[in-house]
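Residues per chain are reported as follows:
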Amino acid sequence: MDRKIDGLMKQMTLEEKIGQLNLPGAGDITTGEATNSDIASKIKAGEVGGLFNIKTAEKILEVQKIAVEQSRLKIPLIFGMDVIHGYQTVFPIPLGLSCSWDMPLIEQSARIAAIEASADGICWTFSPMVDISRDPRWGRMAEGSGEDPYLGSEIAKAMVKGYQGDSLTKNNTIMACVKHFALYGAVEAGRDYNTTDMSRIRMYNEYFPPYKAAVDAGAGSVMTSFNEVDGIPASGNKWLMTDVLRKQWGFKGFVVTDFTAINEMTAHGMGDLQTVSALALKAGVDMDMVGEGFVKTLKKSLEEGKVTQEEIDRACRLVLEAKYKLGLFDEPYRYCDTQRAKTEIFTPEHRKIARETAAQSFVLLKNEKQVLPLPKKGTIALIGPLAANRENMDGTWSVAGDFKKSVSLLDGIRNVAGDKVKVIYAKGANVVADSALEARVSIFGKPTYRDNRPADVMIREAVNAARKADVVVAALGEAAEMSGESSSMSHIELPENQRELLKALLKTGKPVVMVLFNGRPMAIKWEQEHVPTILDAWFGGTEAGNAIADVLFGDVNPSGKLTATFPQNMGQVPIFYNHKNTGRPLPKGKWFTKFRSNYLDVSNAPLYPFGFGLSYTTFDYGKLKLSSASLTGNETLTVSVPVTNSGNREGKEVVQLYIRDMVGSVTRPVKELKGFQKIDLKAGETKTVTFHITPDDLKFYNYDLNYDWEPGDFEIMVGGNSRDVQTSTVNWKK
Ligand code: GLC
């Protein structure tokens, strides 16, 4: 690789080297016009390193030919896209996917996404998004894997492996781009693009781990985040992009900015375009997404001594290395096989897997009186703004989805229950009462089909349907684009008008099942207190409706577990399970004690804790056993617990292991997830689940940011969620 790239760089002019650092949007390229658009002339002039948001092998072949046959040095382009949770076969939004706690399943979803995207000519995805977040006001929680660094790291690894496979040179593997580096999920007030500010100890222990896990898994690229870190925007932050990413973590790939993130440093107050472009290059950024700051100013900055030739050469080399690793120098048209799309995209097999995966992502939050599973007989009143909507099932960031081909819940119930069940559908309410707000989220090809009849007319129609039914299924929650980028919400309760509908449905006395569609944790306390059955379905993707029906009728037993805490109300936010104890913790079992850390008006407890999820069966945990109560140095502690399926049907259970470091040189969380196993138990079956803990599992970044463990007492906890655990204590000497 070095020989090839050294030889190439020796021939390259300064303009051509800077051209490799330029990632314009595909803009006006469409088949046939690619030859004479201004992008085409830039490509010919060697001013473009890659493109994104262009697809199909035909179009990409046409554009790649311009680079490979009409530019001076024939350097191929890299083609990227936001393939976030599937490509045309859309999988559950990542927050939903994470609730499966099933790493092979998550890896497989990325593998299928890579197969489909690469069949369409794409060789680079701006995924996985691994930003830890504890603030459901932030719409991009939908794109991440929740609040936990350990689980987030496992998922980051699985996604990178799924995308990149065992060799990037294969034409069905694509380069991952872990984002958004770094801390983007900690935006103040949950408002997108806002400031983030935290201690380095919190960065290293709570927010960095998933980025590092993706880098350790070999992610070929990293994307900078919009926010500042320690007062310097990430895209210009040398400590972040060079000291941490490259020197401490040994990252060998290339760094691309987020969309015009260089230009935005002017708004951040860091200087004019030339200043911020030089700042980015010197910080360790290699590619400029859309902003054209590099192509417009680096030559001048070099002449004025504001950047060095070495810095330009470094960036250019890293971009060329990525192309080499993808095999683009050997075979520039490797991803342009126009036959593949016909047989590898949106296939029945992929959709079948998407359906199975979606069913594993749903979380059963409540099921009093066993309303679920429903019998495949009688009459169902299917009510709600999300009940018959296909396009919203894919959720946010599903750019390559064919939304009209997604399966709505109405379709799904009909598909699964066939003519055994009579379904009466009524919309009952709009997504929100405010038509202006609804217009802001009825976008990107995902219309909400607002019904302009008066609310009481819609509710009356729904109540009439309910009266004729044996059970009501209420499909409520958010529209797909109420979460995702630039979709922060200051309220996270169920919209008022939907709750009015729900109250009317409950008043009929019929059993009500609420199917919640959401891209973030929601403060559904009223619903938890008044609705007998709640299934969180997130946005399940192409097969959402079929998968939800599979669970509603019991063909699949739900096993999802929350990966982000649900608050009782927005006032508790940020609320997360791995919090510190503080100097004034609440006494156990108390919810208010004066002069302790709590609220006058609400308990500290979440509505649903991290790791929580029910099943149609029940699981009993036997006695927790430790192989020893005291250990020294590099020994291994074996933790085991028998788990019994005490119900009358097969089910999956995610057994979780948490550890608390009782005393440290810095304060330590009251518990941290350190292991989990998803097991499958037949009715009556018992399995002993075993975890092996070594000092590596006890390590953390201390005040001096050294990664090490400290001797002392540790609580070992095991359970089916982060709240209901059994605890034992060990003492571990160095
Ligand atoms: C967006 C997002 C980023 C995405 C990029 C390209 O602004 O922040 O996640 O990959 O632009 O679409």
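Everything numeric in this text was worked out from a predicted model, so none of it was measured.

Asker: Teacher, can you tell me more about the overall build of the chain here?
Answerer: Of regular secondary structure, the chain possesses 22 helices and 27 strands. The globule rule puts the C-alpha radius of gyration for 734 residues at 27 Å, and the 26 Å found for the chain is close to it. If one aligns the C-alpha atoms of the chain with their principal axes, the spans along those axes are about 75 × 65 × 45 Å. In the chain, which comprises 734 residues, the share counted as buried stands at 62%.

Asker: What is the right way to look at the site of the ligand in this model?
Answerer: In the vicinity of the ligand, 13 residues are found, and the nearest of them are Asp82, Arg140, Lys179, His180 and Asp258. Within the contact set of the ligand, an oxygen atom lies 3.1 Å away from a side-chain nitrogen or oxygen of Glu485. Its free accessible area being 310 Å², the ligand has 94% of it covered by the protein chains. Its residues placed into classes, the shell around the ligand shows 7 nonpolar, 1 polar and 5 charged.

Asker: How do you make sense of the side chain of Glu321 when you look at a structure like this?
Answerer: Mapped onto the elements of the fold, Glu321 is located in helix H14 (residues 309-325). The buried charged residue Glu321 lacks any salt bridge, with Lys325 as its nearest oppositely charged partner at 4.5 Å. For Glu321, the contacting residues outside a window of four places in its chain are Met1, Asp2, Ile5 and Lys252.

Asker: Just checking my understanding: could you explain the sheet that holds strand S11 (residues 363-367) for this structure?
Answerer: To summarise the sheet geometry, strands pair through backbone hydrogen bonds and adopt either a parallel or an antiparallel arrangement. Taken in spatial order, the 6 strands of this open sheet run S11-S16-S15-S14-S12-S13, and their pairing is mixed. Edge positions in the sheet fall to S11 and strand S13 (421-426), since each has one partner strand and no second. Strand-to-strand twist of the sheet, defined as the mean angle between neighbouring strand axes without regard to direction, takes the value 20°. Pairing analysis gives 6 bridges linking strand S14 (residues 471-477) to strand S15 (residues 512-517), with the strands arranged parallel. Note on S15: the bridge partner recorded for Ala474 is Met514.

Asker: Explain the nonpolar core to me, please; I cannot follow it from the model alone.
Answerer: Across soluble globular proteins, nonpolar side chains show a tendency to be buried alongside one another. One finds Trp124, Phe181, Phe208 and Phe254 to be the most contacted residues of the largest nonpolar core, which totals 119 residues. Once residues within four sequence positions are removed from consideration, Phe254 is found in contact with Ile78, Trp124, Met175, Gly220, Ser221, Val222, Arg246, Asp286, Met287, Leu318, Val319 and Ala322. Counting residues in hydrophobic clusters, the runner-up holds 91 residues, among them Phe226, Val416, Trp538 and Ile548.

Asker: Can you walk me through the environment of Ala564 in this structure?
Answerer: Mapped onto the fold, Ala564 is located in the loop between helix H22 (544-552) and strand S17 (619-621). Accessibility expressed as a relative area gives 4% for Ala564, which makes it buried. Here the alpha-carbon distance between Ala564 and Pro94, two residues 470 residues apart in the chain, equals 12 Å. Apart from residues lying up to four places away in sequence, Ala564 is in contact with Leu95, Met141, Gly146, Glu147, Pro521 and Phe610.

Asker: Before we go on, may I ask you to explain the sheet that holds strand S6 (residues 221-224) in this structure?
Answerer: With respect to topology, 3 strands assemble into an open sheet ordered S5-S6-S9, the strand pairing being parallel. At either end of the open sheet lies a strand with only one pairing partner, and these are strand S5 (177-181) and strand S9 (254-256). The sheet shows a mean angle of 25° between the axes of neighbouring strands, direction not considered. Of the strands in this sheet, S5 and S6 touch helix H9 (residues 209-216), which is tilted by about 155° from S5.

Asker: Quick question: what am I supposed to make of the packing of helix H19 (residues 455-467) against helix H20 (residues 496-507) here?
Answerer: Geometrically, a packed helix pair is captured by the angle between its two axes and the distance between the axes. Contact geometry of H19 with H20 gives a least axis separation of 9 Å together with a crossing angle of 30°. As judged from the angle between their axes, H19 and H20 are roughly parallel. The interaxial crossing formed by H19 with H20 has right-handed handedness. Across the interface between the two elements, Ile459, Ala462, Val463 and Ala466 from H19 touch Glu500, Leu501, Ala504 and Leu505 from H20.

Asker: Looking at this structure, how should I read the packing of aromatic side chains?
Answerer: The geometry of an aromatic ring pair is captured by the separation of the ring centres together with the interplanar angle, meaning the angle of the planes. This model, assessed by the stated rule, comprises 27 aromatic pairs. Relative to Tyr608, the ring of Phe566 has its centre 5.8 Å away and its plane inclined at 65°; by these criteria the two rings are edge-to-face. With Phe566 in the loop between H22 and S17 and Tyr608 in the loop between H22 and S17, the pair connects residues that are 42 residues apart, well separated along the chain. Side by side, Phe566 and Tyr608 carry an identical accessibility label, which is buried. Here the aromatic rings of Tyr608 and Phe612 are separated by 5.6 Å at their centres, their planes lie at 15°, and the arrangement is stacked.

Asker: How should the pairing of strand S3 (residues 78-81) be read in this particular structure?
Answerer: Both faces of the sheet carry side chains from a regular strand, because those side chains alternate between them. Neither face of S3 is left uncovered, since the one carrying Ile78 and Gly80 and the one carrying Phe79 and Met81 both have all their residues buried. Judged from the 3 bridges that link them, strand S2 (residues 50-52) and S3 form a sheet pairing that is parallel. Looking at S3, one finds that Phe52 is bridged to Gly80. A crossover connection joins S2 to the parallel S3 through helix H4 (residues 57-70); in handedness this β-α-β unit is right-handed.

Asker: When you look at the UniProt feature "domain: Fibronectin type III-like" (unreviewed entry) in the chain in this model, what are you seeing that I'm missing?
Answerer: In the numbering used here, UniProt assigns the feature "domain: Fibronectin type III-like" (unreviewed entry) to residues 653-722. Secondary structure content for residues 653-722 is 0% helix and 56% strand, and the end C-alpha separation is 14 Å.

Asker: So what exactly am I meant to see when it comes to the pattern of salt bridges here?
Answerer: Pairing of side chains with opposite charge becomes possible as their charged atoms draw close. Tallied over the full model, the rule gives 50 salt bridges. Across the pair Lys179 and Asp82 runs a salt bridge, and its minimum N-O distance is 3.3 Å. A residue pair is termed long-range when its members are at least 10 positions apart, and Lys179 in strand S5 and Asp82 in the loop between S3 and helix H5 (94-98) qualify at 97 residues. Across the pair, exposure class does not vary: Lys179 and Asp82 are buried alike.

Asker: Whenever I open this one, H4 confuses me. Can you help?
Answerer: Each α-helix turn comprises 3.6 residues. Residues three or four places apart therefore point the same way. Spanning 14 residues, H4 covers 19 Å between terminal C-alpha atoms, matching the ideal 20 Å at 1.5 Å per step. All of the buried residues in H4 are Ala57, Ile60, Glu62, Val63, Gln64, Ile66, Ala67 and Val68. Turning to H4, the residues buried within the fold contact helix H3 (38-44), S2, S3 and helix H6 (103-119).

Asker: I'm lost on helix H12 (residues 273-283) in this one. Help?
Answerer: Every buried residue of H12 is accounted for by Gln274, Val276, Ser277, Ala278, Ala280, Leu281 and Ala283. Looking at the buried positions of H12, the neighbouring elements they touch are helix H10 (238-248), helix H11 (264-268), helix H13 (293-303) and H14. Following H12 by one or two positions, Gly284 has its phi on the positive side, about 120°.

Rules behind the numbers
Residues numbered from 1 in each chain as written. Predicted model: local features only at pLDDT ≥ 70, side-chain atom pairs only at ≥ 80, totals over all residues. Heavy atoms only, no water. Helix = DSSP H or I, 4+ residues; strand = E, 2+ residues; numbered from the N terminus. Rg over C-alpha atoms; globule rule 2.2 N^0.38 Å. Buried < 20%, exposed > 50% of the residue type's maximum accessible area, 1.4 Å probe, protein only. Near = heavy atom within 4 Å. Polar contact = N/O pair within 3.5 Å; in protein donor to acceptor, adjacent residues only side chain to side chain. Areas by Shrake-Rupley, 256 points an atom, 1.4 Å probe, with all protein chains shown as cover. Nonpolar A, V, L, I, M, F, W, Y, C, P; charged D, E, K, R; others polar. Lys, Arg positive; Asp, Glu negative; His and termini not counted. Salt bridge = Lys/Arg side-chain N within 4 Å of Asp/Glu carboxyl O. Contact = heavy atoms within 4.5 Å. Pairing = 2+ DSSP bridges. Axes fitted to C-alpha atoms, helices over the stretch in contact; angles between N-to-C directions. Core = buried A, V, L, I, M, F, W, Y, C linked by side-chain atoms within 4.5 Å. Parallel < 35°, antiparallel > 145°, perpendicular 65-115°, else oblique. Left-handed = near helix turned anticlockwise from the far one by under 90°. Phe/Tyr/Trp six-rings, centres within 6.5 Å; stacked < 30°, edge-to-face > 60°. Right-handed = clockwise from strand over helix to strand, strands pointing away. UniProt positions renumbered as here; feature names shortened; annotations may be inferred. Expected span 1.5 Å × (residues − 1).

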